[in-house]
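A structural walkthrough
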Amino acid sequence: NAGVTQTPKFQVLKTGQSMTLQCAQDMNHNSMYWYRQDPGMGLRLIYYSASEGTTDKGEVPNGYNVSRLNKREFSLRLESAAPSQTSVYFCASSGGRGDGYTFGSGTRLTVV
Amino acid sequence: SQQGEEDPQALSIQEGENATMNCSYKTSINNLQWYRQNSGRGLVHLILIRSNEREKHSGRLRVTLDTSKKSSSLLITASRAADTASYFCATDQKAAGNKLTFGGGTRVLVKP
């Protein structure tokens, strides 16, 4: 099983550019999440989707949008990238409340 | 501030020794989870302990939970060089939606 697949693995953007981070899971999980991790820090939740058709804001949603395209896919969009969005982005999925999360390998984004 | 706070922030031990790290949190939880992150990789789920459980074991891992003190500990026995990683606690808060809040992590270095 591939688990959670994120693309791309690395990306450099100029300030003001837009991009979409892709995430797909093949475990038939209901819930999917986007986190960012900054150096020496834990993970902060950007957006999550408890089930197909729903999305909710997390701790740091400003500057981001999400789409739960179907049960498998949950994308994160940066409309106008800023240097403060330089980070490592992780997508995760879970079967539901009370289950552990499965994480992707991350996207390392640099905004210059 | 974050829901989960790990202590210590960093830990250096010799191979074969035990490693103990602690996590404190602020609000009532449904469960608490521990994750490992190797350098440059995604997080891997280690163990989940529910609010009505006090202790749980998985291989060389032992987790305790004290809901009266709002704290948890992770013990790794007979550590190996391969245990070198960052360890994060994450809480499923009762008042929050279907999402985990992560602490800042403990960096563990196991010297051969």
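The rules we used
Residues numbered from 1 in each chain as written. Chains lettered and ligands numbered in written order. Predicted model: local features only at pLDDT ≥ 70, side-chain atom pairs only at ≥ 80, totals over all residues. Heavy atoms only, no water. Helix = DSSP H or I, 4+ residues; strand = E, 2+ residues; numbered from the N terminus. Rg over C-alpha atoms; globule rule 2.2 N^0.38 Å. Buried < 20%, exposed > 50% of the residue type's maximum accessible area, 1.4 Å probe, protein only. Contact = heavy atoms within 4.5 Å. Lys, Arg positive; Asp, Glu negative; His and termini not counted. Charge placed at Lys NZ, Arg CZ, Asp CG, Glu CD. Salt bridge = Lys/Arg side-chain N within 4 Å of Asp/Glu carboxyl O. Buried area = accessible area lost by both parts, 1.4 Å probe. Polar contact = N/O pair within 3.5 Å; in protein donor to acceptor, adjacent residues only side chain to side chain. 1 Å grid on protein atoms, 1.4 Å probe; cavity = no way out; pocket = protein on both sides within 12 Å on 5 of 7 lines; lining within 4 Å. Points joined across faces, edges and corners; volume = space filled by probe spheres on them. Nonpolar A, V, L, I, M, F, W, Y, C, P; charged D, E, K, R; others polar. Pairing = 2+ DSSP bridges.

Turning to the overall build of chain B, a few remarks are in order. Secondary structure assignment for chain B yields zero helices and eleven strands. Ordering the α and β elements of chain B from the N terminus gives β-β-β-β-β-β-β-β-β-β-β. The globule rule puts the C-alpha radius of gyration for 112 residues at 13 Å, and the 13 Å found for chain B is close to it. Judged by the C-alpha coordinates and their principal axes, chain B covers about 45 × 30 × 20 Å. Put simply, chain B has 112 residues, and 47% of those count as buried. Long-range contacts, defined here as pairs at least 24 residues apart, represent 54% of the contacts in chain B between residues at least 6 apart. The centroid of the 15 positive side-chain charges in chain B is displaced by 4 Å from the centroid of its 10 negative side-chain charges.

On to the pattern of salt bridges. All chains considered together, the criterion is met by six salt bridges over all chains. The residue R36 of chain A makes a salt bridge to D38 of chain A at a minimum N-O spacing of 2.9 Å. Taking the relative accessible area as the measure of exposure, R36 of chain A reaches 8% and is therefore buried. One salt bridge connects K56 of chain B with E53 of chain B, and the closest N-O pair in it is separated by 3.9 Å. For K56 of chain B, a relative accessible area of 27% corresponds to the partly exposed category.

Before going further, it helps to examine the interface of chain A and chain B. With 22 residues of chain A at the contact, the number on the chain B side is 25 residues. Of the roughly 1700 Å² buried at the junction of chain A and chain B (both faces included), carbon and sulfur atoms supply 48%. Interface area lost by chain A to chain B is led by R97, Y101 and F103 of chain A, which between them contribute 34%. Here chain A and chain B share zero salt bridges between them. Taken together, the links from chain A to chain B amount to six residue pairs in polar contact (both at pLDDT 80 or more). Sorting the residues of the side of chain A that touches chain B by element identifies β4 (31-37) and β5 (43-49) of chain A as the ones contributing at least two each. Counting residues per element, the side of chain A that touches chain B draws most heavily on β4 of chain A, at four residues.

Time to look at the layout of surface pockets. The space that makes up the largest pocket amounts to roughly 680 Å³. Along its surface, the largest pocket is lined by 31 residues, and Q37, G40 and M41 of chain A together with Q37 and F88 of chain B are the ones closest to its centre. When contributions to the lining of the largest pocket are tallied by element, the ones reaching two or more residues are β9 (87-94) and β11 (107-111) of chain A together with β1 (5-7), β9 (85-93) and β11 (106-111) of chain B. No other element matches β9 of chain B, which puts three residues into the lining of the largest pocket. The residue inventory of the lining of the largest pocket, partitioned by class, reads seven nonpolar, 17 polar and seven charged.

On to the pairing of strand β2 (residues 10-14) of chain B. Residues and elements named next belong to chain B. Only one face of β2 is covered, namely the face carrying L11 and I13; the face carrying A10, S12 and Q14 is uncovered. Pairing analysis gives five bridges linking β2 to β11, with the strands arranged parallel. Looking at the pairing, Q14 lines up with K111 of β11.

Keep in mind that these numbers describe shape and distance, not what the molecule does.
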